[in-house]
Amino acid sequence: MPTELPYAADAEVSLSYDELEVLRLQYQRELSQSHVTTQTKFNYAWGLVKSPIREHQVEGVRLLQEIYRAEPTRRRECLYYLALGYYKFGNYEEARRFNSLLMDKEPSNMQAQSLASLIDQRVTREGYIGMALAGGVAAIGTILLASLIRRAARK
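Residues numbered from 1 in each chain as written. Predicted model: local features only at pLDDT ≥ 70, side-chain atom pairs only at ≥ 80, totals over all residues. Heavy atoms only, no water.

Under an unreviewed UniProt entry, the protein chain has the name Mitochondrial fission 1 protein and belongs to Rhodofomes roseus. The annotation that UniProt attaches to the protein chain under Function (unreviewed entry) is "Has a role in mitochondrial fission. Has a role in outer membrane fission but not matrix separation." (UniProt positions renumbered as here; feature names shortened; annotations may be inferred.)

Q: If you had to explain the nonpolar core to someone new, which residues and values would you point to?
A: Grouped together as the largest cluster of nonpolar side chains are 30 residues, with contacts concentrated most on L64, Y87 and L115. Those elements that place two or more of their residues in this core are helix 2 (17–32), helix 3 (38–50), helix 4 (54–70), helix 5 (75–88), helix 6 (92–105) and helix 7 (110–154). Among the elements that take part in this core, helix 5 stands out by supplying nine residues, more than any other. Among all residues touching L64, those that are not within four sequence positions of it are F42, A45, V49, C78, Y81 and L82. (Core = buried A, V, L, I, M, F, W, Y, C linked by side-chain atoms within 4.5 Å. Buried < 20%, exposed > 50% of the residue type's maximum accessible area, 1.4 Å probe, protein only. Helix = DSSP H or I, 4+ residues; strand = E, 2+ residues; numbered from the N terminus. Contact = heavy atoms within 4.5 Å.)

Q: Could you give an account of the packing of helix 2 against helix 3, with specific residues and numbers?
A: At a minimum axis separation of 9 Å, helix 2 and helix 3 run at an interaxial angle of 145 degrees. Note that helix 2 runs across helix 3; the crossing there is left-handed. Residues L20, L23, R24, Q26, Y27 and E30 of helix 2 lie in contact with helix 3, whose contacting residues are T40, K41, N43, Y44, W46, G47 and L48. Taken together, the residues that form the contact of helix 2 with helix 3 break down as six nonpolar, four polar and three charged. (Axes fitted to C-alpha atoms, helices over the stretch in contact; angles between N-to-C directions. Left-handed = near helix turned anticlockwise from the far one by under 90°. Nonpolar A, V, L, I, M, F, W, Y, C, P; charged D, E, K, R; others polar.)

Here you go:
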């Protein structure tokens, strides 16, 4: 099933402040009337997830999770943006989980494949950074231990 959704790299582009504000105002207007349509909630969540601001991303994921739980017919739409939201704030395990659910439903979805690649690259990069930090800590520990041993040997 082909998709018209953008590749993951395109989804990294944020909406302008004015574009996000239009979505926020629509959501707030419907919220004040005690009836928010699923489409309005989804649009606002989508804009928040694309934001570079972590608090926006967290709120976007929260709204998407509400839609995912309450609207079974809209789950497929939510999967990618849930995965993207978790990816953007560094929860790669959850990002992989939601992206895998989408890929199970649509194995040829280029957007999900692209996001899977981004997740794998980030996990690998952070793994290397973690190993470098651990190596640095071990080296410092070795130097400190050696200096303590030398001091003890002199006394």
